[in-house]
Structures are given as structure tokens and as C-alpha cells.
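Coordinate inspection notes
Letter by letter, the chains look like this.
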Amino acid sequence: MPRTLRDPVQLGLDAAAVLAAGALAYTIGTQTLAGGLRVGVVKRGPRRAQVSLTFDDGPDPEHTSRILDVLAASGVRAAFFMVGRQVASHPALARRVAAAGHDVGNHTFAHRHLWTLTPGASIAAVDRGAEEIADAVGAAPHYFRPPWGTFNWAAYVRAGQLGETRVLWSVRSEGWAAAASAARMTAHVVRAAHEGAIVNLHDRGGHPSTPENTRHALPEMIAGLRARGFEVVPLRELLDPAPRGDTRNPGLTPRV
Ligand SMILES: [Zn+2]
């Protein structure tokens with residue numbers, strides 16, 4: 001056989017290899033870049049005595065209002081990464097979140113794992129999430145967090161094109177499968193907090209007991225963070241590169 005005529009089986013294997021490499025770049029490659037190397041992604045703020053609380057997957061008709069009440073009673077503004085479909089079902093609740101001064105972020109339209117979506121479907125998931133939020137609260141979201149913190153290339157690029165800062169987290173209070181009690185959440189977050197920490201919480205989703213446990217955890221969690229010298233601030237303040245005044249706390253142990 002002349003060398004130019006390739007074995008069709010080999011050609012098929014070559015094509016499959018190219019597709020597999022492309023799929024790896026689209027999923028794991030992007031995740032390594034974004035989640036591991038933090039290229040174009042924020043996982044924490046600058047090293048000053050501030051932390052932010054962030055809530056994913058809402059708004060939820062049962063839990064979000066109660067969590068808003070607790071935050072208001074504690075004088076804390078947080079960030080809510082909303083699912084577009086939930087916003088479409090509960091637009092007044094989304095408006096209440098924004099009106100209370102919390103940051104609003106895009107958590108895609110339907111919370112599908114981005115590794116299961118084509119580029120076109122991923123772009124639509126990001127766009128529709130942003131549109132539902134803009135329709136409900138009257139302003140485009142400034143932040144993006146992918147479901148389960150997992151990017152693909154198309155969503156990563158699209159969020160950037162929309163001007164949404166990609167935000168993950170540096171402290172997570174819950175296990176992925178098992179429920180964490182309110183006391184355990186509080187203890188872990190207060191212990192793991194560090195300068196510029198972004199704390200991942202849920203006002204919906206996760207284990208069925210998670211939003212309720214989170215609400216019960218919040219007062220002591222916030223008190224514990226403040227007792228360690230941290231100010232609990234909204235994301236826009238945490239990520240502000242040039243805040244007013246010096247908020248470093250000389251009493252804090254420097255982190256590596
Ligand atoms: Zn989520």
C-alpha cells in the first residue's frame with residue numbers, strides 16, 4: 001500500500017484521538033487553567049482583613065428570604081449566584097436580594113454541568129442566566145460562577161465577553177454528599193477563613209438540609225469571623241483593588 005493511503009482504521013483512530021484531545025482541552029484543560037491555575041478566575045480577594053460570603057443556586061422561595069433576614073439582622077451584605085430558571089420563577093425574590101444591597105452573580109440558566117454541554121448550549125446557558133437576572137433586577141450581573149465550580153472553554157470565554165468576573169471560592173463549608181450541621185459549618189468556616197477569603201454557601205440546592213443548616217449557622221459564623229478580626233463585606237468591596245483606607249489587621253497571622 002502506498003504510504004499516502006492510510007489505513008481507514010488508523011484514520012478513524014487518529015480522528016478519535018483529535019476529538020478526545022479537543023474534548024480534554026474543552027473540559028479538563030479549561031478547568032486546570034481556570035480552577036487550578038486561576039487564570040482569569042478569582043478564588044480569593046487581596047490580603048486584607050476582609051471576607052465575603054457567597055450563596056449559590058437560589059433564589060429559593062422557602063430559604064432565600066430567611067437567609068436575607070439573618071444577613072440583614074447581622075448587617076452583612078453578601079453575594080448571590082443565581083440560577084436563571086429560579087430567577088424566572090421568583091423574580092420578586094431576586095429583586096429583593098439586589099435591593100438589599102447584595103451582589104448578584106450569574107450561575108447559568110439551568111445549573112447543568114458544563115462538561116455535558118456543547119459550546120453552543122454552554123453559551124446559551126451563560127447568556128440566558130444573565131438575561132433572566134437583568135430582566136428581574138434591572139441590571140446585568142457582574143460575576144459568574146459555573147455550577148460545581150466547573151468550567152468549559154465556551155462558558156469561560158462567554159462570561160468574560162459579558163464582562164462577568166469569574167469567581168470560585170477559597171473556603172467551602174459543606175461536604176459534597178453528606179450534610180454538614182450548622183455547628184460544623186460554623187466551626188469550619190471560622191477556622192478556615194483567611195485574609196480575602198471567599199466562602200461558598202448555598203441558599204438552595206446541595207444536601208436537602210443544607211440551606212436550613214446554613215441559615216442557622218450564619219449568626220455564629222458571622223460573629224466568629226468578626227471575632228477573628230475579619231470584616232464581612234460584599235464581593236465588590238472584597239475585590240476592589242484599591243479600597244478606601246487600610247483594612248489590614250496587624251493582629252492576624254500572615255498566611256502563606
Ligand atoms: Zn450551584
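Rules used in this analysis
Residues numbered from 1 in each chain as written. Predicted model: local features only at pLDDT ≥ 70, side-chain atom pairs only at ≥ 80, totals over all residues. Heavy atoms only, no water. Helix = DSSP H or I, 4+ residues; strand = E, 2+ residues; numbered from the N terminus. Buried < 20%, exposed > 50% of the residue type's maximum accessible area, 1.4 Å probe, protein only. Contact = heavy atoms within 4.5 Å. Core = buried A, V, L, I, M, F, W, Y, C linked by side-chain atoms within 4.5 Å. Salt bridge = Lys/Arg side-chain N within 4 Å of Asp/Glu carboxyl O. Donors = N, O, S within 2.8 Å, 3.2 Å for Na, K, Ca; no water. Axes fitted to C-alpha atoms, helices over the stretch in contact; angles between N-to-C directions. Parallel < 35°, antiparallel > 145°, perpendicular 65-115°, else oblique. Left-handed = near helix turned anticlockwise from the far one by under 90°. Nonpolar A, V, L, I, M, F, W, Y, C, P; charged D, E, K, R; others polar.

Some points on the environment of A197
By secondary structure assignment, the location of A197 is in strand β8 (residues 197–202). Given the relative accessible area of 0%, A197 is considered buried. Residues A197 and Q50 lie 147 residues apart in sequence; the distance between their C-alpha atoms is 7.2 Å. Those residues in contact with A197 that lie beyond four places of it in its chain are Q50, V51, S52, S170, V171 and L238.

So, unusual backbone geometry
The linkage connecting G58 with the following residue, P59, adopts the cis geometry, with an omega of 0°. Looking at the secondary structure, you find P59 in the loop between β2 (50–56) and α2 (64–74). Positive phi, close to 70°, is recorded for T108, a residue that is not glycine. Structurally, the position occupied by T108 is in the loop between β4 (103–106) and α5 (119–137). T108 sits in the buried class, given a relative accessible area of 1%. In this structure, W148 takes a positive phi of about 60° despite not being glycine. Of note, W148 is situated in the loop between β5 (143–144) and α6 (153–161). Judged by its relative accessible area of 41%, W148 falls in the partly exposed class.

Details of the nonpolar core
Of all hydrophobic cores here, the largest spans 33 residues; its most connected members are L53, F55, L71, F80, L218, M221 and L225. Elements with a minimum of two residues in this core: β2, α2, β3 (79–82), α4 (91–99), α5, α7 (182–192), β8 and α8 (210–227). Considering every element that reaches this core, the biggest residue donor is α8, with five residues. Residues contacting M221, with those up to four places away along its chain left out, are L53, M185, T186, V189, V190 and L201.

Things to note about the environment of P59
Residue classification places P59 among the buried positions, given a relative accessible area of 1%. Residues P59 and H194, spaced 135 residues apart in sequence, show a C-alpha to C-alpha distance of 28 Å. The contact partners of P59, leaving out residues within four places of it in the chain, are T64, M82, Q86, V87, H90, L93, A94, D203 and R204.

Section: the pattern of salt bridges
For the structure shown, the criterion picks out seven salt bridges. Among the salt bridges present, the one from D56 reaches R145, with a minimum N-O distance of 2.7 Å. You can see D56 sitting in strand β2 and its partner R145 sitting in the loop between β5 and α6, a full 89 residues away along the chain. Here D56 and R145 have matching classes, each one buried. The residue D69 makes a salt bridge to R96 at a minimum N-O spacing of 2.7 Å. Of this pair, D69 sits in helix α2 while R96 sits in helix α4, placing them 27 residues apart in sequence. On the basis of relative accessible area, R96 is assigned to the partly exposed category, the value being 34%.

Side note on the coordination of the zinc ion
In an ideal tetrahedron of four donors about a metal, each angle is 109.5 degrees. In an ideal octahedron of six donors, the angles are 90 or 180 degrees. Looking at the zinc ion, the protein donor atoms are D57 (OD), H107 (NE2) and H111 (NE2), and they sit 2.0 to 2.1 Å from it. Sequence spacing of the donor residues for the zinc ion, all on one chain, is D-x49-H-x3-H. Residue D57 is located in the loop between β2 and α2, and its partner H111 is located in the loop between β4 and α5; the two are separated by 54 residues in the primary sequence. Residue classification places H111 among the buried residues on the basis of a relative accessible area of 17%.

With respect to the packing of α2 against α8
Between α2 and α8, whose axes approach to 9 Å, the crossing angle comes to 15°. With respect to α8, the axis of α2 lies roughly parallel. You can see that α2 and α8 cross each other, and the crossing is right-handed. On α8, the residues that touch R66, I67, V70, L71 and S74 of α2 are P211, E212, R215, L218, P219, I222 and R226. Tallied by class, the residues present in the contact of α2 with α8 amount to seven nonpolar, one polar and four charged.

Focus on the environment of P146
Looking at the secondary structure, you find P146 in the loop between β5 and α6. Sequence separation of P146 and H111 is 35 residues, and the distance between their C-alpha atoms is 7.9 Å. Sequence-distant contacts of P146, that is, excluding residues within four places in its chain, are made with H107, L114, F151 and L168.

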